[in-house]
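Breakdown of the fold
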Amino acid sequence: MTKTTKQNCIKKYAEYCDKAQYDEASFLEKLKLKFHLFFCKDCQTYVKRNTQLSQLFTQAKLNFLHPEEKMAIHSKMQNSISSETNTFEA
Ligand SMILES: [Zn+2]
């Protein structure tokens, strides 16, 4: 598997994974994700890391971070959100 297909694969299933985490995924999406995770190690790693990270953030509520680190994470998130939603801008 080339690097490009790997990234595309994670990109595709990361969406399902994020949706599933907030319970926004449809039954079919959850099913697809579960089935894919069964044999895809890369996405397994992604989901594991993602779950750990969000659990960590929820538990600590970002209190353990310095204000600069919070800002860095915040702007990083904003960047990824805006790059995704660019097409919807008028
Ligand atoms: Zn995968």
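Read on for an overview of the structure. (Residues numbered from 1 in each chain as written. Predicted model: local features only at pLDDT ≥ 70, side-chain atom pairs only at ≥ 80, totals over all residues.)

What the protein contains, in helices and strands, is four helices and zero strands. Seen in sequence order, the protein has helices and strands lined up from the N terminus as α-α-α-α. (Helix = DSSP H or I, 4+ residues; strand = E, 2+ residues; numbered from the N terminus.)

This part covers helix α3 (residues 41-60). Each α-helix winds once per 3.6 residues, and so residues spaced three or four apart point in a common direction. With 20 residues, α3 extends 28 Å between its outermost C-alpha atoms, agreeing within 8% with the 28 Å of an ideal straight helix rising 1.5 Å per residue. Counting buried positions along α3 yields two of 20 residues, so the element is predominantly exposed. (Expected span 1.5 Å × (residues − 1). Buried ≥ 20, exposed ≤ 12 C-beta atoms within 10 Å, placed from the backbone.)

Next up on the list: the nonpolar core. Membership of the largest hydrophobic core is limited to six residues, which are Tyr13, Tyr16, Cys17, Leu33, Cys43 and Val47. Of all elements in the fold, only α1 (3-21) and α3 reach the threshold of two or more residues within this core. Take this core: its biggest share by element is three residues, from α1. Apart from the residues lying within four places of it in its own chain, the contact partners of cysteine 17 are Leu33, Tyr46, Val47 and Asn50. (Core = buried A, V, L, I, M, F, W, Y, C linked by C-beta atoms within 7 Å. Contact = placed C-beta atoms within 7 Å.)

Spatial relationships are all this shows, so hold off on functional conclusions.
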